[in-house]
Amino acid sequence: MALGNSAPRNSLTLGQRCDIVASAASIGKLPMTKILLIEDDSETAEEIADELVQRGFEIERAASGIEGLDKARSCRPDALIVDRMLPGMDGLTIIEALRQERVRTPVLILSALGAIDERVRGLRSGGDDYLTKPFAIVELVARIEALLRRPAESRETMLRVGPLELDLIARTAKRGDRAIELLPREFRLLEYMMQRSDQLLTRAMLLEEVWNYKFVPATNLVDVHMGRLRHKVDGPNDPPMIHNVRGSGFILREPS
Amino acid sequence: MNLPDFVRTTTFRWTSTAFAVCILLFSAFVYWEAASYMVAKMDAAISEESLAVAADTPDRQLAAIDDRLSEDPRRVKLAGMFGADGHRIAGNLESLPQGLPFNATVQTAHVVRVDQHGHEAMTVRAVARALPDGNILVIARHNGELKELAEVVARALLLALPFAAGLSLAIGAILSVRVQRRVAGLNALVRRILSGNLSERIPVLGLDHPFDKLATVANGMLDEIQVLVTEMAGVGNEIAHDLRTPLTRARVCLERGRANATTLAELQGVTDRAIGALDQSLTIITALLRITEIENSRGRANFSEVPLAELVQEVGDLYDPIAEDKQVTLHVTSEGDATVYCDRDLLFEAVMNLVDNAVKFTPAGGCINIASVHREGENIIRICDTGPGIGENERDVVMRRFYRSDKSRNTQGAGLGLTLVSAIMKLHGFRLALNTATGCVAEIICPLPST
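Residues numbered from 1 in each chain as written. Chains lettered and ligands numbered in written order. Predicted model: local features only at pLDDT ≥ 70, side-chain atom pairs only at ≥ 80, totals over all residues.

*Asks:* I'd like to hear about the overall build of chain A, residue by residue, with values.
*Replies:* When helices and strands are counted, chain A shows 9 helices and 13 strands. The buried share among the 256 residues of chain A stands at 35%. A fraction of 62% describes how many contacts in chain A between residues 6 or more apart in sequence connect residues 24 or more apart. (Helix = DSSP H or I, 4+ residues; strand = E, 2+ residues; numbered from the N terminus. Buried ≥ 20, exposed ≤ 12 C-beta atoms within 10 Å, placed from the backbone. Contact = placed C-beta atoms within 7 Å.)

Have a look at this one:
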């Protein structure tokens, strides 16, 4: 996807992107986070496992529903990636079984069923996120990290990332001493990003969470709105905070 | 037993049975009508005779009875004069018939006839009259004629039955063979259609026959199916073509990259281009699945009253920055507080698609106006722009999947936006009107439910 309005100063190349996402895992202080991957297609499973191991995760694998449920109970993973259609036992059945046992481990559902109804069913059965096949591996990693570092329900009314401050009560934002005027949607976007600073947020995640759209619009809406927000947050003389990760999404980081 | 096929048909059985029952009923009716006519005539004669005899002087009455009995070659007449105590004075009746009321109408009675042939019990029509001198006059008539009549009718029936049965069988056979022949023709035709010859139609004979009505309905159904199948085949081709384009790009990219790239950066560039092409084909698949999802959704579970002004404003807010980037002015105007009963997400998606198109095709310096308008009986969402518009000859085809105006070949997109909009319109019972008269105007017309 070509991004017409991404200024070169805060675009990252493909090589740098990997470093950022890898470092994101270490920043999160999750030493050897264990992920259970339940996927019956061995090639897909191989690719996903390789990528996640490379990013510093410990991976357990299961190729069938029943094996998956057993491992989910025995090896206590920090997160689960569950394919929707599995031999032996449906992915949703596994999740329902775990939720009935009061296991709260975050679950990312992978599925070839992309219809909105299917997605709703997946989330209703206890899944925390739903990713339709085929997906970009970056998208999968971003979502797993988002699940692992889900912001706790906090009563914090003031968000801070470096010089950036967001007052959730007064609905005001400022960077250092400079006040930032934000439209309601921009405020919501910045709030979401500040709660997940240092995390890669993909366009699809932003569309789902900030705009609440269940479909992907044709035009690069997210890019345009993000461009606006970045223009306001990163003034001409400020070091950039909102970074565009080419082809993947965006990261909000403290200026280095 | 080896019966011909038509004998087993329902038409044949019903026609034959109905015919036989009709003949029986008809014969019974003829008998009943004739019998009641004869009885009425007989009763009138008896009554008249009894009055005539009673009117005579007592001494002539006995002679009259004798006269009457002597002029009776068929031996059907009966008469008797009885004393007040019931003893017989004259006539051929053995005794006063029991239960026969005096001076009443003619009735059926059981009597015993006494004459030179001896005693004979019989059923007759009779009337009894009490005479002024205390005697009782009985005039009766044997209804043997009725029996004869019944015999005649029965004989006629017996003679006619074999003929009638033959006739009914023949009619049943003709009718059933005719029906069978048409059904057989239809069977053969349906088989030909099943084997893929969708252009075949059931012949309509132009008679007001149930078969013709059925044929008309079935032909209509076939027309619809043929259109759908043709359309589907076309869509298949278009999908193949539109997917092949980006896939070819991806393949060429990768192939050339593999052969020619000398540095990691070059290889990454190639890979990025290939991924872009793959994403494009994915976009097409996603859009197609979305359209199918909407076309197949029947439920109105997510329907609610949605304020139009708010929806239009939200789309405006969403696209304002994009329009501004393109140096296009975007206005939102909304009238009143009209609401529309719809699935908000879907209507939003439809409006968004139209605005997306408008933004895409309006050149810099142009202007887009999104408005919600209330008109008699309907609410309208109107999107006007100063873009090149849709040509007169293109207005219908833009709704087709993958149709792209030549002008838009270089703009990115799946070419499915308007198809998606029209699927959403269909689900809601709304209309999409495209007008090219002044700039480009797209209208979503939402008829209000009639109250």
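That shown, we press on.
*Asks:* A description of unusual backbone geometry should follow, citing residues and the corresponding values.
*Replies:* Residues and elements named next belong to chain A. Cis rather than trans, the peptide bond between Lys-133 and Pro-134 has omega equal to -5°. Assignment of secondary structure puts Pro-134 in the loop between strand E6 (129–132) and helix H6 (137–148). Positive phi, close to 40°, is recorded for Arg-76, a residue that is not glycine. Turning to its location among the elements, Arg-76 is positioned in the loop between helix H3 (65–74) and strand E4 (79–83). Located in the positive-phi region is Asp-198, a residue other than glycine, with phi close to 70°. By the secondary structure assignment, Asp-198 is in the loop between helix H7 (184–195) and strand E11 (201–202). Owing to 16 C-beta atoms within 10 Å, Asp-198 belongs among the partly exposed residues under this scheme.

*Asks:* Tell me about the nonpolar core, residues and numbers included.
*Replies:* Among the nonpolar cores identified, the biggest contains 100 residues, and Ile81(A), Val315(B), Val351(B), Val355(B) and Ile424(B) are the most heavily contacted of them. Examining the composition of this core, we find that 11 residues originate from one element, helix H7 (residues 344–361) of chain B, more than from any other. The residues contacting Val315(B), other than those within four sequence positions of it, are Phe348(B), Val351(B), Met352(B), Val355(B) and Ile370(B). Formed by 20 residues, the second largest nonpolar core is a distinct cluster that contains Ile65(B), Phe82(B), Val124(B) and Leu137(B). (Core = buried A, V, L, I, M, F, W, Y, C linked by C-beta atoms within 7 Å.)

*Asks:* Please set out helix H8 (residues 417–428) of chain B residue by residue, giving values where relevant.
*Replies:* All names here are of chain B. Along its 12 residues, H8 runs 17 Å from first to last C-alpha, staying within 8% of the 16 Å computed at 1.5 Å per residue. Taken residue by residue, H8 has Gly-417, Leu-418, Thr-419, Leu-420, Val-421, Ser-422, Ala-423, Ile-424, Met-425, Leu-427 and His-428 as its buried positions. For H8, the elements touching its buried residues are helix H5 (264–296), strand E8 (339–343), H7, strand E11 (431–435) and strand E12 (440–447). (Expected span 1.5 Å × (residues − 1).)

*Asks:* How would you explain the environment of Ala274(B) if you had to name every residue and give the values?
*Replies:* All names here are of chain B. Tracing the backbone through its elements, the reader meets Ala-274 in helix H5. Separated by 24 residues in sequence, Ala-274 and Ala-250 have C-alpha atoms that sit 4.2 Å apart. Apart from the residues within four sequence positions on either side, Ala-274 is in contact with Ala-250, Cys-253 and Leu-254.

*Asks:* How would you summarise the sheet that holds E12(B) if you had to cite specific residues and measurements?
*Replies:* Residues and elements named next belong to chain B. Spatially, 5 strands are ordered E7-E9-E10-E12-E11 in an open sheet, and the strand pairing comes out mixed. The sheet is open, and its two edges are formed by strand E7 (329–334) and E11, each paired on a single side. Sheet twist, expressed as the mean angle between neighbouring strand axes with direction ignored, is 15°. Strand direction decides the pairing type here: E7 and strand E9 (residues 367–375), joined by 6 bridges, are parallel. Its bridge partner being in E9, Val-332 is matched across the sheet by Ile-370. (Pairing = 2+ DSSP bridges. Axes fitted to C-alpha atoms, helices over the stretch in contact; angles between N-to-C directions.)

*Asks:* Can you lay out the sheet that holds strand E5 (residues 107–111) of chain A for me, pointing to particular residues and giving the numbers?
*Replies:* All names here are of chain A. The sheet built from 5 strands is open, its strands ordered E3-E2-E4-E5-E6 with parallel pairing. Taken across any chain shown, the strands that pair with only one partner, and hence form the sheet edges, are strand E3 (58–62) and E6. The mean inter-strand angle of the sheet, taken between neighbouring strand axes irrespective of direction, is 20°. Running at roughly 145° to E3, H3 makes contact with strand E2 (34–38), E3 and E4 of the sheet.

*Asks:* Any chance you could break down helix H6 (residues 308–325) of chain B for me, citing the residues and the numbers?
*Replies:* All names here are of chain B. Helix length check: H6 (18 residues) gives 26 Å between terminal C-alpha atoms against 26 Å at 1.5 Å per residue, within 8%. Roughly 40° is the biggest bend found in H6, and it falls at Tyr-319, with proline Pro-321 one to four residues downstream. All of the buried residues in H6 are Leu-308, Leu-311, Val-312, Val-315, Gly-316, Leu-318, Tyr-319, Asp-320, Pro-321, Ile-322 and Ala-323. Following H6 by one or two positions, Gln-327 has its phi on the positive side, about 60°. (Bend = angle between axes of the 7 residues up to and from the residue.)

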